[in-house]
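Below are the chains, spelled out letter by letter.
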Amino acid sequence: MKYGFFDDNNKEYVITTPKTPLPWINYLGCTEFFTLISNTCGGYTFYKDAKLLRMTRYRYNDTTLDTNGKYFYIKDGDTIWNPGWQPTKTELDSYECRHGIGYSKFTGAKNDIEAALVTFVPIGDPVELTKVTLTNKGNSKKDIQLFSYVEWCLWNADDDMKNYQRNLSIGEVEVVDSTIYHKTEYRERRNHYAVYSVNSKIDAFETSRDEFRGAYNGPDKPAAVIAGKLNSTIASGWYPIASHQLNVSLNPGESKTFVFALGYVENAEDEKWEKPGIINKKKADALLAKYQTTEDFDKAFDGLCKYWNELLSKFHIDSKDEHVNRMVNIWNQYQCMVTFNMSRSASYYETGIGRGMGFRDSCQDLLGFVHLIPDRARERIIDIASTQFQDGSAYHQYQPLTKKGNSDIGSGFNDDPLWLIAGTSAYIRETGDTSILKEMVPYDNDMSVATTLMEHLKRSFDYIVNHKGPHNLPLIGRADWNDCLNLNCFSEHPGESFQCFGPSEGPVAESVFIAGMFVKYGREYAALAKLMGDSAEEARVLSEVDKMIAAIEKDGWDGEWFVRAYDAYSHKVGSKECEEGQIYIEPQGMCVMAGVGVDDGNAVKALDSVKEKLDTKYGVMILQPAYTRYHLELGEITSYPPGYKENAGIFCHNNPWISIAETCIGRGDRAFEVYKKTCPSYIEDISEIHRTEPYVYSQMVAGADAKFHGEAKNSWLTGTAAWTFTNISQYILGIYPTLEGLSVNPCTPAAFGDFNVTRVYRGVTYNIEIKNPNKVQKGIASLIVDGQEIQGNIIPFDGSKNTVNVIATMR
Ligand code: BGC
Ligand code: NOJ
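Because the structure is a prediction, the values reported are computed rather than measured.

Criteria and thresholds
Residues numbered from 1 in each chain as written. Chains lettered and ligands numbered in written order. Predicted model: local features only at pLDDT ≥ 70, side-chain atom pairs only at ≥ 80, totals over all residues. Heavy atoms only, no water. Phe/Tyr/Trp six-rings, centres within 6.5 Å; stacked < 30°, edge-to-face > 60°. Helix = DSSP H or I, 4+ residues; strand = E, 2+ residues; numbered from the N terminus. Buried < 20%, exposed > 50% of the residue type's maximum accessible area, 1.4 Å probe, protein only. Lys NZ or Arg CZ within 6 Å of the ring centre and 35° of its normal. Pairing = 2+ DSSP bridges. Contact = heavy atoms within 4.5 Å. Near = heavy atom within 4 Å. Polar contact = N/O pair within 3.5 Å; in protein donor to acceptor, adjacent residues only side chain to side chain. 1 Å grid on protein atoms, 1.4 Å probe; cavity = no way out; pocket = protein on both sides within 12 Å on 5 of 7 lines; lining within 4 Å. Sits in = over half its atoms within 2 Å of the grid points. Nonpolar A, V, L, I, M, F, W, Y, C, P; charged D, E, K, R; others polar. Points joined across faces, edges and corners; volume = space filled by probe spheres on them. Axes fitted to C-alpha atoms, helices over the stretch in contact; angles between N-to-C directions. Salt bridge = Lys/Arg side-chain N within 4 Å of Asp/Glu carboxyl O. Areas by Shrake-Rupley, 256 points an atom, 1.4 Å probe, with all protein chains shown as cover. Parallel < 35°, antiparallel > 145°, perpendicular 65-115°, else oblique. Left-handed = near helix turned anticlockwise from the far one by under 90°.

**Some words on the packing of aromatic side chains**
Next, step 1: Applying the stated criterion across every chain, the model contains 52 aromatic pairs.
Next, step 2: Taking the centre distance of 5.2 Å and the plane angle of 40 degrees together, the rings of Y58 and Y348 count as tilted. Highlighted residues: Y58 in the loop between β6 (54-56) and β7 (71-76) and Y348 in the loop between α7 (322-342) and β23 (357-358), separated in sequence by 290 residues. An identical accessibility class is assigned to Y58 and Y348; each is buried.
Next, step 3: Relative to Y193, the ring of Y186 has its centre 5.5 Å away and its plane inclined at 80 degrees; by these criteria the two rings are edge-to-face.
Next, step 4: For Y186, a relative accessible area of 0% translates into the label buried.
Next, step 5: Put simply, the rings of Y3, F6, Y13, W24, Y27, Y307, W308, W331, Y334, Y695 and W716 pair up and form one aromatic cluster.
Next, step 6: Positioned above the aromatic ring of Y239, the side-chain terminus of R209 is 3.6 Å from the ring centre.
Next, step 7: Above the face of the F797 ring, R762 is positioned so that its terminal group lies 5.2 Å from the ring centre.

**Observations regarding the sheet that holds strand β28 (residues 565-566)**
Next, step 1: The sheet built from 3 strands is open, its strands ordered β27-β28-β29 with antiparallel pairing. Among the strands making up the open sheet, the edge pair consists of β27 (510-511) and β29 (572-573).

**Details of the side chain of S362**
Next, step 1: Here S362 shows up in helix α8 (residues 359-369).
Next, step 2: With residues up to four places along the chain from it excluded, the contact list for S362 reads S343, M357, R380, I384 and Y398.

**Re unusual backbone geometry**
Next, step 1: The omega angle of the peptide bond from Q86 to P87 is 0 degrees, so this bond is cis rather than trans.
Next, step 2: In this structure, the amide linkage connecting Q624 to the following residue, P625, adopts the cis form with an omega of -20 degrees.
Next, step 3: Tracing the backbone shows P625 in the loop between β33 (623-624) and β34 (650-651).
Next, step 4: Phi is positive for N61, close to 60 degrees, though the residue is something other than glycine.
Next, step 5: In this fold, N61 is placed in the loop between β6 and β7.
Next, step 6: Given a relative accessible area of 83%, N61 falls into the exposed group.

**A few points about the site of ligand 1**
Next, step 1: Around ligand 1 sit R355, D483, C484, Q499, E636, Y640, K645, E646, F651 and Q699, and that is every residue in its neighbourhood.
Next, step 2: Contact distances for ligand 1 include 2.6 Å between an oxygen atom and a side-chain N or O atom of Y640.
Next, step 3: Put simply, ligand 1 lies in the largest pocket.
Next, step 4: Of the residues contributing to the shell around ligand 1, the split by class is 3 nonpolar, 2 polar and 5 charged.

**A few points about the layout of surface pockets**
Next, step 1: The calculated volume of the largest pocket comes to roughly 1,100 Å³.
Next, step 2: The wall of the largest pocket is formed by 43 residues, among which R344, E350, R355, Q397 and D483 lie closest to the centre.
Next, step 3: Tallied by class, residues from the lining of the largest pocket come to 12 nonpolar, 19 polar and 12 charged.
Next, step 4: Considering only enclosed or pocket space, the second largest pocket measures out at about 740 Å³ in volume.
Next, step 5: Contributing to the lining of the second largest pocket are 24 residues, with K520, E524, Y731, Y736 and T738 lying nearest its centre.
Next, step 6: Those elements that provide at least two residues to the lining of the second largest pocket are α10 (416-431), α12 (512-531), α16 (655-664) and α19 (720-732).

**Considerations on the sheet that holds strand β37 (residues 735-737)**
Next, step 1: Taken in spatial order, the 3 strands line up as β37-β38-β43 in an open sheet, and their pairing is antiparallel. If you trace the sheet from one side to the other, it starts and ends with β37 and β43 (794-796), each paired once. Across this sheet, the average inter-strand angle for adjacent strands is 30 degrees, counted without regard to direction.
Next, step 2: The pairing of β37 with strand β38 (residues 741-744) spans 3 bridges and is classified as antiparallel. In the sheet register, P737 faces β38, and the bridge partner there is L742.

**A word on the pattern of salt bridges**
Next, step 1: Applying the stated criterion to the full structure yields 64 salt bridges.
Next, step 2: Close ionic contact of R540 with D462 constitutes a salt bridge, the shortest N to O distance being 3.0 Å. A residue pair is termed long-range when its members are at least 10 positions apart, and R540 in helix α13 (residues 535-555) and D462 in helix α11 (residues 453-465) qualify at 78 residues.
Next, step 3: Relative accessible area serves as the criterion here: at 28%, R540 is assigned to the partly exposed category.
Next, step 4: Using a relative accessible area of 12% as the deciding quantity, one classes D462 as buried.
Next, step 5: Measuring nitrogen to oxygen at the nearest pair gives 3.3 Å for the salt bridge that ties D555 to K554.
Next, step 6: Judged by relative accessible area, which is 17%, D555 ranks as buried.

**What about the site of ligand 2?**
Next, step 1: Around ligand 2, the structure places R344, R355, R360, D361, W481, N482, D483, E646, F651 and Q699.
Next, step 2: Within the side chain of R360, a nitrogen or oxygen atom sits 2.8 Å from an oxygen atom of ligand 2.
Next, step 3: For ligand 2, whose unbound accessible area comes to 290 Å², protein coverage reaches 94%.
Next, step 4: The cavity that encloses ligand 2 is the largest pocket.
Next, step 5: Taken together, the residues that form the shell around ligand 2 break down as 2 nonpolar, 2 polar and 6 charged.

**A word on the environment of S345**
Next, step 1: Along the chain, S345 turns up in the loop between α7 and β23.
Next, step 2: Sequence spacing of S345 and A50 is 295 residues, and the spatial spacing of their C-alpha atoms is 7.2 Å.
Next, step 3: Residue contacts for S345: discarding those within four places in its chain leaves E350, T351, G352, R355 and L717.

**With respect to the environment of E553**
Next, step 1: With respect to the helices and strands, the residue E553 is situated in helix α13.
Next, step 2: E553 sits 11 residues away from L542 along the chain, and the two C-alpha atoms are 16 Å apart.

**Quick look at the pairing of strand β14 (residues 173-176)**
Next, step 1: The pairing of β14 with strand β15 (residues 179-182) spans 4 bridges and is classified as antiparallel. Paired with V175 across the two strands is I180, which belongs to β15.
Next, step 2: Linkage of β14 to β15, two consecutive antiparallel strands, is achieved through a turn of 2 residues, within which D177 is found at a positive phi near 50 degrees.

**What to know about the packing of helix α9 (residues 374-385) against α10**
Next, step 1: Running from amino to carboxyl end, α9 crosses α10 at an angle of 155 degrees, the nearest separation of the two axes being 10 Å. It follows that α9 is roughly antiparallel to α10 by the angle criterion. Where α9 crosses over α10, the two elements pack in a sense that is left-handed. Of α10, the residues touching α9 (which contributes P374, A377, R378, I381, I384 and A385) are L420, G423, T424, Y427 and T431.
Next, step 2: Within the contact of α9 with α10, the residues separate by chemical class into 7 nonpolar, 3 polar and 1 charged.

Right, dumping it as structure tokens:
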């Protein structure tokens, strides 16, 4: 069942009922000012950091209820309704929500009044703009009232929901004409305040939530709206809000438009006050002055659309498969940008008050957006590397605002260092910018011990060389990619962190997954060493890689698939010898992607085992059989009920690893089958089962053992976005950036047909036509570049051209 449809021409998903199975959200904002917005106008806004600079309040643990939001109420006689349905939930005569790229539109109608909202964050300004157009579609004059509503968060979202003894006394606002200023804590250490304004004279305002809602009412039955009159009260403590009242008369056929602006303003310490107790409003007024008219709004909106159209044109496919076209050209790339901005911090599943930026998460996200915004990828790499320790290990997380490592979690996740190589290699393959390797980058933010980024990569690599266990496989530390496989922790008491309990150094648990990573990213590091002219380092690295391959072949192979790990007692994890959890997805994907087993048939065996033991109609499960009881020696993974999350869920992030691995052995049919199973657009028809947004990936789909097999959770902020884009664009469609130039080597289903790709690479536009006359799954017979046949798959980079035309014919 569907709850809407894709409008590809407008790059929108159109939701046709407010009653989606779960709130379906969108993100507004590209750089510093962000809003989460659901299909019923729920959500919240923050500046830079969802925890420390939260502007509007959201209520937790309330998923489908989805309070709070930025609401508009219309009072038309005795009927009170919202264009986005919530919070009054008055039945609408018509409803539509269009989530677009960086904006959302809502159209609601009731009793001959139509209200159309368009909301977005303009490029370059810390403000959310909403245009509200009210139209009288009937035959008689209407006198209605429009009320806006936002509830301020007292900035620190964590403290805001806990520290009432203080918070209920500190709320402060000012109001001048149509602008409401929220200035809680500005009197002391804050240098920022928020504004909410409308480009029209207002009839009244409200800044006290109690006055607006009335005692014992929620936002669904606000007393002041029911009374049709705001009291223009200045809040003092309690719960500050901002609401405007506009009395609107509309003749038949007449429309009126209002532009609302919700902004963030910072003042220098010596410019904070206009006079004692009165905030300096100059910057706020200047910001608001830019968006006073509908024309200002429309112009900024066009700017946003242009920005996105240009970004998304960097990779464009035209194939016979509308799902591939839509996901690659629009939604998958868009989700990659959102994960770049949010990491794993703020979604409807991540509260924004928990984790900061993950070291491994951010490195992997890079793979999906580096072609879109290489400059910001560069900056991100330097930020991440700056949280590395001198021995090559790294803080597992860092805070976006301070860019400092998070010492609560610390380090000891032994896959982390290698992801830095993965991200840096992707950046250089994309841009050719080797100058980044010579940048001086601190360790633990301490510039006095800075070295070049290249030296950081060396230390990343050597961290693994220096941390091997009894089988010469890498020590796992607290966990590797699978945060829940906690082989050294042995946590027995509720409330202890599964991951941070117990030692990270000392115990001997080993990871075959990290071994696979070491081979893959070790080789990428060796290629960088070669590029920089350091053949001694290249040779050293490759010989370490060979040793690791030997260790995997000796102790990492279980007969039909790769072993997952060795626990602290040196017992196998993910082996046929195990009682539960006999096969895991991660080493099958990573080892084959690294090329291990490709020549001796083990890769085929491993991937056949994946198909036989882990596949379901909704995707490939992370492991089987599911753990049915808590295993102290394995940790959090066994804490989840069977079929959920890391315990035999379909963890979407590593489905693309399997799909990529299939392309490494040339099985395009199977690679694509795996791709399709979790791809949102293909499963739009089962939205009532899948439940999360049909336009983006979710982190997890419940596995075969779960009660709700096929149901997804944790949409939006997942490494699945980046890895799927890498999979489809670089491996299935086969346009892979190398250090020397673009490589063209598709691995598609036999029946996929011919397709064209436009790819902007290092500033040059490649128009690539791929023909598959004999319906093969892999292999290029000829590659013609600007009329000349070339040998091999790689088009040597030539920056003197603007455009390169390529015809690739498969065998
Ligand atoms: C989740 C993991 C996540 C980890 C990080 C665990 O509870 O299952 O997916 O990576 O927490 O905090
Ligand atoms: C989600 C985390 O963000 C990621 O870092 C981790 O690899 C996966 N969960 C698997 O545990």
